[in-house]
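The chain contents come next:
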Amino acid sequence: MTIELRNISKHFGALKANDSISLTVPPGCIQGILGENGAGKSTLMKIFSGFLKPDSGEIVFDGKSLKIDSPDDAIRLGIGMLHQDPLDFPPFRVIDDFIVGSPGGIVPDRRKALADFNTLSKQFGFSLSAEVRVGSLTVGERQQLEILRLLWLGAKVLILDEPTTGISQAQKEILFATLKTLADQGMTVFFVSHKLEDVEALCTKAAVLRQGALVGSMDRPFDKAALVRMMFGREVELASKSSIAPGKKVLTIKTGSVDSIRLRIKDVNLQVRAGEIIGIAGMEGSGQDLFLRACGGLVEPSGGQFCLDESETPMNGKTYHDYMRQGVTYLPAARLEKGLVPGMSLAEHFTLSVKPKSAFIDKKAAVALSNERIAAFNIKGRPDSPVESLSGGNQQRTLLSLLPEIASLILVEHPTRGLDIESTIYIWGKLKERCTAGTAILFISSDLDEILRYSDKVLVFFAGKVTPLIASESLNVQKLGELIGGVGWDALEANNNA
Amino acid sequence: MLDDRKTRILFGSGSVLVALALTTAIVAATGNNPLQAYANIIQGATGSPNVAANVLVSWVPLALATAGLLFTFTGGLWNIGIEGQITLGAIFCTWALRSLQNTALSPGAIIAVAVAAGMLGGMLWALLAGALKTFGGVNEIFGGLGLNFVATALNLWLIFGPWKRPGVASMSGTLPFEPELWMPTISVQSRLAPVPLVLAALALVTAFILLRGSHFGLRLKAVGKNPRAAYLLGIPTWQHMLLSFALCGAFAGLAGAVQVSAVYHRLIPSISSGYGYTGLMVAMLVNYSPVFAGPVALFFAALGVGSIQLPIVLKLDSSLAGVIQGFLVLFVLMGNGLRLKLLRRKRGTL
Ligand SMILES: Nc1ncnc2c1ncn2[C@@H]1O[C@H](COP(=O)(O)OP(=O)(O)OP(=O)(O)O)[C@@H](O)[C@H]1O
Ligand SMILES: [Mg+2]
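Note that this is a predicted model, so its numbers are computed, not measured.

### Details of the overall build of chain A
When you go through chain A residue by residue, the secondary structure sums to 18 helices and 20 strands. On C-alpha atoms alone, chain A measures out to a radius of gyration of 23 Å, which is about the 23 Å that the 2.2 N^0.38 rule sets for 498 residues. Once the C-alpha set of chain A is aligned to its principal axes, its extents read approximately 70 × 55 × 50 Å. Among the 498 residues that make up chain A, the fraction classed as buried is 55%. At a minimum sequence separation of 6, the contacts of chain A that also span at least 24 residues come to 66%. Surface accessibility of chain A: about 20500 Å² in total, with carbon and sulfur atoms responsible for 53%. Chain A carries 56 positive and 58 negative side-chain charges, and their two centres are separated by 2 Å.

### Points about helix α4 (residues 82-100) of chain B
Taking 1.5 Å as the rise per residue, α4(B) with 19 residues should run 27 Å; its terminal C-alpha atoms sit 27 Å apart, in good agreement. Counting buried positions along α4(B) gives 15 out of 19 residues, so the element sits mostly inside the fold.

### Side note on the side chain of T87(B)
All names here are of chain B. Within the element layout of this structure, T87 appears in helix α4. Among the residues examined, T87 registers a relative accessible area of 5% and is labelled buried. In this view, T87 contacts A151, N155, I271 and S272; residues no more than four positions away in its chain are not counted.

### Details of the domain arrangement of chain A
Residue and element names in this part refer to chain A. Along its sequence, chain A is carved into domain 1 (3-232), domain 2 (249-327 + 405-497) and domain 3 (341-403). In this structure, domain 1 and domain 3 have C-alpha centres spaced 30 Å apart. At the junction of the two partners, domain 1 supplies five residues and domain 3 supplies seven residues. Both sides of the domain 1 and domain 3 interface together cover about 380 Å² of buried area, and 33% of this is carbon and sulfur. The tally of links from domain 1 across to domain 3 stands at zero salt bridges. Seen at the junction of domain 1 and domain 3, the total is three residue pairs in polar contact (both at pLDDT 80 or more).

### Focus on the interface of chain B and chain A
Counting from both sides, the interface comprises 24 residues of chain B and, opposite them, 31 residues of chain A. In this assembly, chain B packs against chain A so that about 2500 Å² is buried in total across both faces, 66% of it on carbon and sulfur atoms. Contact with chain A buries area across many residues of chain B, yet H215(B), L232(B) and L233(B) alone supply 28% of it, more than any other trio. Taken together, the links from chain B to chain A amount to two salt bridges. Note that E337(A) and R228(B) form a salt bridge whose closest N and O atoms lie 3.4 Å from each other.

### Some words on the site of ligand 1
Close contacts around ligand 1 come from 19 residues, with G38(A), S42(A), T43(A), S391(A) and G393(A) the closest. At the site occupied by ligand 1, the surrounding residues belong to chains A and B. K41(A) places a side-chain nitrogen or oxygen 2.8 Å from an oxygen atom of ligand 1. A distance of 2.8 Å separates an oxygen atom of ligand 1 from a polar side-chain atom of S391(A). Secondary-structure elements contributing two or more residues to the shell around ligand 1 are β2 (15-25), α1 (41-48) and α14 (392-401) of chain A. The dominant element in the shell around ligand 1, judged by the number of residues it contributes, is α1(A), at three residues. Taken together, the residues that form the shell around ligand 1 break down as four nonpolar, 12 polar and three charged. Each of two domains, domain 1 (3-232) and domain 3 (341-403) of chain A, supplies a minimum of three residues to the shell around ligand 1.

### Thoughts on helix α4 (residues 110-124) of chain A
Residues and elements named next belong to chain A. With 15 residues, α4 should reach 21 Å at 1.5 Å per residue; the first-to-last C-alpha distance of 21 Å fits that figure. What α4 keeps buried is the set A113, F117, L120, S121 and F124. Taken around the axis of α4, the buried residues stretch over an arc of 100°, which confines them to a single face. Exposed residues pointing more than 90 degrees away from the buried face of α4 are listed as R111, T119, K122 and Q123. Once α4 ends, the next one or two residues include G125, with phi positive near 75°.

So, how was this worked out
- Residues numbered from 1 in each chain as written.
- Chains lettered and ligands numbered in written order.
- Predicted model: local features only at pLDDT ≥ 70, side-chain atom pairs only at ≥ 80, totals over all residues.
- Heavy atoms only, no water.
- Helix = DSSP H or I, 4+ residues; strand = E, 2+ residues; numbered from the N terminus.
- Rg over C-alpha atoms; globule rule 2.2 N^0.38 Å.
- Buried < 20%, exposed > 50% of the residue type's maximum accessible area, 1.4 Å probe, protein only.
- Contact = heavy atoms within 4.5 Å.
- Areas by Shrake-Rupley, 256 points an atom, 1.4 Å probe, with all protein chains shown as cover.
- Lys, Arg positive; Asp, Glu negative; His and termini not counted.
- Charge placed at Lys NZ, Arg CZ, Asp CG, Glu CD.
- Expected span 1.5 Å × (residues − 1).
- Domains from an automatic or database assignment.
- Buried area = accessible area lost by both parts, 1.4 Å probe.
- Salt bridge = Lys/Arg side-chain N within 4 Å of Asp/Glu carboxyl O.
- Polar contact = N/O pair within 3.5 Å; in protein donor to acceptor, adjacent residues only side chain to side chain.
- Near = heavy atom within 4 Å.
- Nonpolar A, V, L, I, M, F, W, Y, C, P; charged D, E, K, R; others polar.
- Arc of directions from axis to C-beta.

Here it is in structure tokens:
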């Protein structure tokens with residue numbers, strides 16, 4: 001079906017999040033939506049899927065104007081949206097989350113749902129288990145679950161708001177292949193992304209938003225430079241690589257092992273030195289997030305020795321707060337759930353993040369601090385904005401702006417998840433400043449380019465196995481992709497033994 | 001544009017009116033004249049200096065309980081166990097008074113120690129509920145309910161067992177203490193003691209200062225709203241929860257101690273008198289704001305005292321006060337829910 005968005009406008013207070021946007025999308029089209037952080041992409045998609053009500057404008061399907069008042073209405077009309085931050089139920093089992101929104105009466109047909117779930121899951125090549133808790137899934141797996149759920153509910157139009165930021169290269173390829181198949185069958189897909197490569201690989205058309213307005217659109221083949229100019233109004237240069245000579249030991253792991261119900265990581269030997277940036281790659285759920293948490297005391301290692309700084313005393317059994325006192329900080333991927341406190345303002349967050357000078361809050365200093373941080377991290381928001389009202393990218397900037405002044409080791413999951421190109425460069429600039437000052441960074445990313453571009457050394461996880469540190473110069477996307485998929489490990493091990 | 005403040009006032013007063021209308025209907029349905037009933041309540045709460053003093057007497061434990069609950073609510077905790085904490089405060093206070101009454105200590109010192117003991121008792125009982133939650137994984141609502149039963153049982157056992165009146169134990173409680181161990185009142189006939197009044201006001205001020213302006217309050221709020229994020233931000237999560245329990249318990253214990261040393265001068269079976277539960281209602285009604293907690297607690301106290309004589313004058317039960325209080329909380333909460341829903345729809349945010 002042909003979808004028309006006509007003159008959609010939406011204000012939040014004085015802010016024009018969408019300014020009379022009109023867009024026509026033919027059936028079977030994969031429509032890319034591009035734009036910098038805060039451009040209004042999510043807002044437009046939320047209006048389309050009934051989560052937000054526009055101030056004015058119309059949504060037209062095949063010439064018929066639609067009234068969409070709620071996500072329920074939208075899904076009944078066949079419009080399903082995958083949100084930037086997952087809207088699922090962490091304490092539920094996967095299968096219950098899958099069933100919960102279905103119109104199947106009071107007693108859902110679990111057996112049929114389970115069969116459907118497994119079929120769909122197999123079709124996409126996802127390895128989701130129906131009985132585990134949603135809360136134990138990674139961001140990427142939760143996105144997968146949500147896609148399956150929407151398809152199962154009969155979505156004919158699929159809206160994906162930055163779906164590729166949390167999933168691995170291999171899963172991305174499967175996802176893209178499936179989306180293309182679905183599009184060939186006449187499904188319309190809206191694909192919001194910051195990654196031009198993804199848009200290039202997948203989309204038939206691309207539209208660019210800037211400051212709430214539609215500033216241009218393009219059909220395949222895309223002129224990437226032109227798209228970047230439309231997005232930012234200027235050229236953007238990628239940062240060049242600059243390594244810092246590694247300093248003293250920050251983290252030493254000897255024959256470390258970490259266990260979870262699903263996985264066992266063992267025999268990790270690793271040394272991280274001040275100023276180093278180490279990228280951690282691997283398929284979702286290969287153990288990298290578990291390992292990263294163990295490096296910060298958030299999961300207790302099941303064996304080996306985890307030592308900080310030059311000390312020989314292992315930190316095994318110590319809590320995250322003990323690690324924090326030694327200068328370790330951990331930034332989670334699920335920002336609204338674990339990183340920020342919804343219902344509290346930016347100013348309150350910043351106040352929490354600094355060591356108090358007295359027992360009482362100096363309100364003036366708090367506002368000054370907020371304005372300083374907001375400016376330094378280029379956050380679109382005011383000191384009194386509640387964090388949940390910020391756009392996804394701005395929430396991510398906020399999370400990074402909460403890093404303590406002094407840190408010896410930063411552990412971070414998907415540092416630039418949801419950031420536009422310009423912000424990515426900016427945030428990495430900030431992180432690199434830290435490295436120059438002697439901080440080491442251990443980061444997980446599903447973006448292989450990001451890993452290769454920013455890290456000095458790379459660790460690859462595959463089903464609980466871990467490679468030794470590999471110099472990133474000796475890798476390329478192809479080789480790294482193979483390692484992530486479990487190919488080429490023998491050669492690596494032979495090399496290592498020699 | 002519908003702003004927050006205006007809709008809040010609009011819906012707030014609307015809800016109060018609905019609650020009053022419903023109460024009026026109920027009173028009318030019982031064959032009484034509602035206006036007369038209200039006039040009676042007002043008369044009963046303000047008609048003489050004596051009843052007005054009684055309102056203040058009942059405001060003290062209510063304000064203390066509410067002030068304490070503001071901490072636990074901020075920490076995201078439902079301290080249902082507050083009734084038990086009041087009771088334990090009373091028990092500890094009685095115990096201290098009994099142990100010290102025949103010593104050489106001055107009465108003032110004995111009272112001071114007894115009040116401190118009461119605070120300690122409430123605090124320990126609250127910490128027990130907190131420990132059950134943080135270390136035992138028992139939801140504080142269930143733990144609190146259980147501990148309330150235990151506290152009541154303990155109280156009755158003491159009154160009818162070890163601490164019973166010489167001769168025969170009775171529902172009227174333990175033997176009253178000597179008048180010099182009573183907290184001084186403003187006059188001989190009055191039950192109104194100035195010291196508890198000041199303490200209750202101080203409790204509210206403390207809650208205001210700590211919750212609105214201190215780093216502790218901000219951290220507690222973060223713990224209450226998102227414990228996982230709070231932990232990652234470096235906030236000792238369970239310690240803050242326990243601390244909020246301890247503070248609430250201390251205030252509740254103080255309320256119990258005041259009931260013993262200033263109001264009843266002995267330990268009685270229903271020493272907590274439901275002030276804890278009423279405090280929960282007040283805290284919810286004021287949306288956990290330390291500013292409005294005091295005045296609304298005063299209003300609730302006035303309702304309670306004002307309706308005491310209803311059964312005598314009219315054929316109405318004094319529980320009418322409870323009905324009004326309950327309706328108020330119910331409708332104000334409902335009104336606020338409705339308001340937020342409408343606002344979201346108007347603004348078009350989910
Ligand atoms: N509920 C809200 N209340 C107030 N302002 C909002 C709300 N939702 C979004 N905004 C503002 O509207 C603007 C557009 O937000 P939107 O989420 O659409 O951006 P986006 O293009 O999706 O950005 P990102 O790439 O960072 O996800 C932002 O400035 C954001 O702060
Ligand atoms: Mg967005």
